[in-house]
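# Descriptive structure summary
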Amino acid sequence: MYEGAVQDLIDELGRLPGIGPKSAQRIAFHLLATEDEDVERLATTLLRVKNEVKFCTLCGNVAEAELCRICADPRRDPATICVVEEPKDVVAIERTREFRGRYHVLGGAISPIDGIGPDDLRIRELLARLRDGVVTELVLATDPNLEGEATATYLARLLTPMGLVITRLASGLPVGGDLEYADEVTLGRAFSGRRRVE
Ligand SMILES: [Zn+2]
């Protein structure tokens, strides 16, 4: 529709999650009208996040060192692991202050429509963490939607034979949404009321 750089920008923005063609166009023209130094700061921040932010080698959370802050903290209970889809879910659960264990970030959820199967998630890494027998409880805190439920069911079937206590967040979370959209009180309640998966 537009020429050269403007269209390239609209195309790039349109590839971002949750941004449709109209929003991409609006953001592109907003940036065109923005002061040079503000655009430069945004560009620098984008490059910095790619260059400096790493993922924790143990749990897959966002980290600035080899291990994330939570894995590096000896006060966190090593016997309980909470399995989530994305690093943003770690932030949402941390806000509730209900959980003192550790996390495992899968990097998504099983979604046949999007071609994402168990092998595309960090399930092998999770199994490796369970091998030494330190972990006794696994909390499945995937999103309360189809993909999240499918992932939790898959993991429960895979891991139940290992003799762990496997729990799932209590109902009451808004169905179909993301964990991060649940308010702290609701998520905290779902966490403390987690029930055992049989
Ligand atoms: Zn970690």
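Coordinates for the structure precede this section.
What counts, and where the lines are drawn
Residues numbered from 1 in each chain as written. Predicted model: local features only at pLDDT ≥ 70, side-chain atom pairs only at ≥ 80, totals over all residues. Heavy atoms only, no water. Patch = residues over 30% accessible without salt bridge, like charges linked within 9 Å, V, L, I, M, F, W, Y side chains within 5 Å. Areas by Shrake-Rupley, 256 points an atom, 1.4 Å probe, with all protein chains shown as cover. Salt bridge = Lys/Arg side-chain N within 4 Å of Asp/Glu carboxyl O. Helix = DSSP H or I, 4+ residues; strand = E, 2+ residues; numbered from the N terminus. Buried < 20%, exposed > 50% of the residue type's maximum accessible area, 1.4 Å probe, protein only. Axes fitted to C-alpha atoms, helices over the stretch in contact; angles between N-to-C directions. Parallel < 35°, antiparallel > 145°, perpendicular 65-115°, else oblique. Contact = heavy atoms within 4.5 Å. Nonpolar A, V, L, I, M, F, W, Y, C, P; charged D, E, K, R; others polar. Pairing = 2+ DSSP bridges. Donors = N, O, S within 2.8 Å, 3.2 Å for Na, K, Ca; no water.

It is worth spelling out a nonpolar patch on the surface at this point. Among the surface-exposed residues, M1, Y2, F29 and L32 lie close enough to one another that they form a single nonpolar patch of about 470 Å² accessible area. Considering the arrangement of structural elements, one finds F29 in helix 2 (residues 21–32). Judged by its relative accessible area of 35%, F29 is partly exposed.

The next thing to look at is the environment of R41. Tracing the backbone through its elements, the reader meets R41 in helix 3 (residues 36–52). Taking the C-alpha atoms as reference points, R41 and L67, 26 residues apart in sequence, are found 28 Å from one another.

So, about the packing of helix 4 (residues 87–96) against helix 7 (residues 184–192). Contact pair helix 4 / helix 7: the axes reach a minimum separation of 8 Å and the direction vectors enclose 85 degrees. With respect to helix 7, the axis of helix 4 lies roughly perpendicular. Within the contact between the two elements, helix 4 uses A92, I93, R95 and T96 and helix 7 uses E184, L187, G188 and F191. Residues of the contact of helix 4 with helix 7, tallied by class, amount to 4 nonpolar, 2 polar and 2 charged.

Tracing the backbone shows E137 in strand 5 (residues 137–140). By relative accessible area, E137 is classed as buried at 15%. Apart from the residues within four sequence positions on either side, E137 is in contact with A79, T80, I81, V165, T167 and R194.

The mixed open sheet is built from 5 strands, whose spatial order is 4-3-5-6-7. What marks the edges here is a single partner per strand, and that holds for strand 4 (102–105) and strand 7 (195–196). Here strand 3 (residues 80–84) pairs with strand 5 via 4 bridges, running parallel. Opposite C82, over in strand 5, you have V139 as the bridge partner. In this fold helix 6 (residues 146–159) packs onto strand 3, strand 5 and strand 6 (165–168), with an angle of close to 170 degrees to the strand it touches most, strand 6.

Donor atoms from the polypeptide that bind the zinc ion are C56 (SG), C59 (SG), C68 (SG) and C71 (SG), placed at 2.3 to 2.4 Å. Between consecutive donors of the zinc ion, the numbers of intervening residues give the motif C-x2-C-x8-C-x2-C. Pair noted here: C56 is in the loop between strand 1 (54–55) and strand 2 (62–63) and C71 is in the loop between strand 2 and strand 3, with a separation of 15 residues, a long-range link. Each member of the pair, C56 together with C71, is buried.

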